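Here is what each chain is made of, one letter per residue.
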Amino acid sequence: AQKITQTQPGMFVQEKEAVTLDCTYDTSDPSYGLFWYKQPSSGEMIFLIYQGSYDQQNATEGRYSLNFQKARKSANLVISASQLGDSAMYFCAMREGDDYKLSFGAGTTVTVRA
Amino acid sequence: DAGITQSPRHKVTETGTPVTLRCHQTENHRYMYWYRQDPGHGLRLIHYSYGVKDTDKGEVSDGYSVSRSKTEDFLLTLESATSSQTSVYFCAISESVNRAQVSLTDTQYFGPGTRLTVL
């Protein structure tokens, strides 16, 4: 079974607007971490934001925020005030406490229009 | 940015030849990982290391071996490359691997990647 599901293959957003990228996860481990990465066309994987399963508040990091709904098992990334440089593939990933690996979703391509 | 380099960045080789990819870090992190990225499969863990000379298999380890003789270096070897190993290979590092409570220090930071083509 898929541990991470990203249902939006691609999205378009107007510059300066906000965009929400969906991520749902599946785990029975009470300890887990959720991570979002950005992969621009140049290919590197850039860490954006982290949310722990025991965290009471939603994570924020500059223009990135994470809408963490534990009961729904969702961890949506919100990018505010989109910039042209935000055009990239975005991956949601999870590390369960009992494992070393990150499990990745299929990714969402974001294209920011001027 | 985490100090992680990978070499080579691009390589074309022929089926049956041995290939070694190198990952070098300057962060003194204990944990290191090798992933491969393929269309339709996302990133998948090949092998990981939890210390010098301490390594273990990931989910797609067949055909790969690793070695870690120093904290800063983690080598991935394809003993006899096959076309199915054509992929982009990423090295990653993390400061910690907490089990009871996954934390920010468990974040895996990735190197720039190596694009390997096996003809």
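Before going into details, it helps to say that this report is about the structure given with it. Small disclaimer: the values here were computed from a predicted structure and weren't measured. (Residues numbered from 1 in each chain as written. Chains lettered and ligands numbered in written order. Predicted model: local features only at pLDDT ≥ 70, side-chain atom pairs only at ≥ 80, totals over all residues. Heavy atoms only, no water.)

## With respect to the overall build of chain B
As a reminder of what qualifies: Comment: elements are numbered from the N terminus, with helices defined as DSSP H or I runs of at least four residues and strands as E runs of at least two. When we talk radius of gyration, it's over C-alpha atoms, and the globule rule is simply 2.2 Å times the number of residues to the 0.38. Categorising residues by exposure relies on relative accessible area from a 1.4 Å probe, with only protein chains included: less than 20% of the type maximum marks a residue as buried, more than 50% marks it as exposed, and the intermediate range marks it as partly exposed. Note on definitions: a residue-residue contact is assigned when non-hydrogen atoms from the two residues lie within 4.5 Å. Computed by Shrake-Rupley with a 1.4 Å probe, the accessible areas treat only the displayed protein chains as cover when residues are assessed.
Counting its regular elements, chain B contains 0 helices and 11 strands. If you list the helices and strands of chain B from N to C, you get β-β-β-β-β-β-β-β-β-β-β. Against the globule reference of 14 Å for 119 residues, chain B gives a C-alpha radius of gyration of 14 Å, in line with a compact fold. Based on the C-alpha atoms only, the size of chain B along its principal axes is roughly 45 × 30 × 25 Å. Out of the 119 residues in chain B, the part that is buried amounts to 48%. Considering only contacts in chain B between residues 6 or more positions apart, those separated by 24 or more positions represent 57%. Carbon and sulfur atoms provide 47% of the accessible area of chain B, an area that totals close to 5600 Å².

## A look at the pairing of strand β11 (residues 114-118) of chain B
All names here are of chain B. What counts is decided by this rule: When DSSP locates at least two bridges between a pair of strands, those strands are taken to pair.
Here β11 shows a clear split, with Thr114, Leu116 and Val118 buried on one side and none of Arg115 and Thr117 buried on the other. Pairing of strand β2 (residues 10-13) with β11 involves 4 bridges; the strand directions are parallel. Opposite His10, over in β11, you have Arg115 as the bridge partner. Bridge count between strand β9 (residues 87-94) and β11: 3 bridges; the pairing is antiparallel. Paired with Val88 across the strands is Arg115, a residue of β11.

## Re the environment of Ile49(A)
Relative to the assigned elements, Ile49(A) resides in strand β6 (residues 46-52). Leave out the neighbours within four places in its chain, and Ile49(A) touches Leu34(A), Phe35(A), Trp36(A), Ala59(A), Thr60(A), Glu61(A), Tyr64(A), Ser65(A), Leu66(A) and Leu77(A).

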